[in-house]
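Listed here are the chains, written in short residue letters.
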Amino acid sequence: MSCKCHEGSGTGVRSPEDAEKFEELDRYITSLLDNQTPERRRGSLIQVLHRAQHLFGYLSEEVQKFVSSRLQLPRAEIYGVISFYSYFTDQPVGRYKINVCTGTACFVKGAPKVLDEFKRRLNISEGQSTADGKFFLGALRCVGACSLAPVVMVNDKVYGNVTAEKVAGILADCAD
């Protein structure tokens, strides 16, 4: 992530699809901000970032500037939240977002080997997307499914008791 907090909050030319997403985000923010004080706007930041990431897939500079402007919060504060929480990303992610849990239970039961096998098969490192934009590989600290350790999440689907040998099958489930 690279912070460009000193830049303005203007926006450039948008595709019709992006314009619709910005309009939807604007409506959402407006619904949250009705008659709110500046401190209450700050309290809406994480909700707004969740919605923005859901709409756009990631939190680009343009989205960050838009949120900053609409919530009347410094861009540095927006960026600070994005960079602190591992859920948020400011880089495009693949269509299939693969996250390997590396929390204590998963780690002990073999998550590092599972993560290494995904890296090998996809030829990418943690935090990267494949060149074709199909896969993103990440690691989460805990997904709250310790009884299924090690756990892999692909988008919203949870795979439990994953071994390195099961990685090929998980990737096959993502066939177009």
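Reference entry: report on the structure contained in this document. For every chain, the first residue of the written sequence is number 1, and numbering continues from 1 along that sequence. In keeping with the predicted nature of the model, local features appear solely for residues at pLDDT of at least 70, side-chain atom pairs appear and are counted solely at 80 or more, and the whole-chain, interface and lining totals rest on all residues. Hydrogen atoms and water are omitted, and side-chain values are computed over all heavy atoms in the structure.

Comments concerning the overall build of the chain
Part 1 of the reasoning: Helix and strand definitions here come from DSSP, where helices need a minimum of 4 consecutive H or I residues and strands a minimum of 2 consecutive E residues; each element is numbered from the N-terminal end. The helix and strand inventory of the chain stands at eight helices and five strands.
Part 2 of the reasoning: In sequence order, the chain lays out its α and β elements as α-α-α-α-α-β-α-α-β-β-β-β-α.
Part 3 of the reasoning: Here the C-alpha coordinates of the chain stretch approximately 55 × 30 × 25 Å along the principal axes.
Part 4 of the reasoning: Among the 176 residues that make up the chain, the fraction classed as buried is 42%.
Part 5 of the reasoning: By definition in these notes, contact holds between two residues if any of their heavy atoms fall within 4.5 Å. Within the chain, contacts between residues separated by at least 24 positions form 64% of all contacts whose residues are at least 6 apart in sequence.
Part 6 of the reasoning: The Shrake-Rupley method, run with a 1.4 Å probe, gives the accessible areas here. Residue values count only the displayed protein chains as cover. Here the chain has roughly 9,800 Å² of accessible surface; of this, 50% comes from carbon and sulfur atoms.
Part 7 of the reasoning: When charges are counted, neither His nor the chain ends are considered; positive counts come from Lys and Arg and negative counts from Asp and Glu. All charge positions are set by atom: Lys at NZ, Arg at CZ, Asp at CG, Glu at CD. Measuring between centres, the 22 positive side-chain charges of the chain sit 5 Å from its 21 negative side-chain charges. For every residue, the accessible area obtained with a 1.4 Å probe (protein chains only) is divided by the maximum for its type, and the residue is called buried under 20%, exposed over 50%, and partly exposed between those limits.

Examining the packing of aromatic side chains
Part 1 of the reasoning: Planes of paired rings set the category: under 30 degrees apart is stacked, over 60 is edge-to-face and the rest tilted, where pairs are Phe, Tyr or Trp rings (Trp by its six-membered ring) whose centres lie within 6.5 Å. By the definition in use, this model includes five aromatic pairs.
Part 2 of the reasoning: A ring pair is formed by F22 and F66, whose centres lie 5.1 Å apart and whose planes are at 70°; its orientation type is edge-to-face. Taken together, the positions of F22 in helix α1 (residues 16-33) and F66 in helix α4 (residues 61-71) put the pair 44 residues apart, joining distant regions of the chain.
Part 3 of the reasoning: The exposure class of F66 is buried, given its relative accessible area of 13%.
Part 4 of the reasoning: Look at Y85 and F88: their rings are 6.4 Å apart centre to centre, the planes differ by 90°, and that puts the pair in the edge-to-face class.
Part 5 of the reasoning: The exposure class assigned to Y85 is partly exposed, which follows from its relative accessible area of 37%.
Part 6 of the reasoning: Looking at F88, the relative accessible area reads 4%, which means it is buried.
Part 7 of the reasoning: Each member of the aromatic cluster is reached from another via a ring pair, and the members are F22, F56 and F66.

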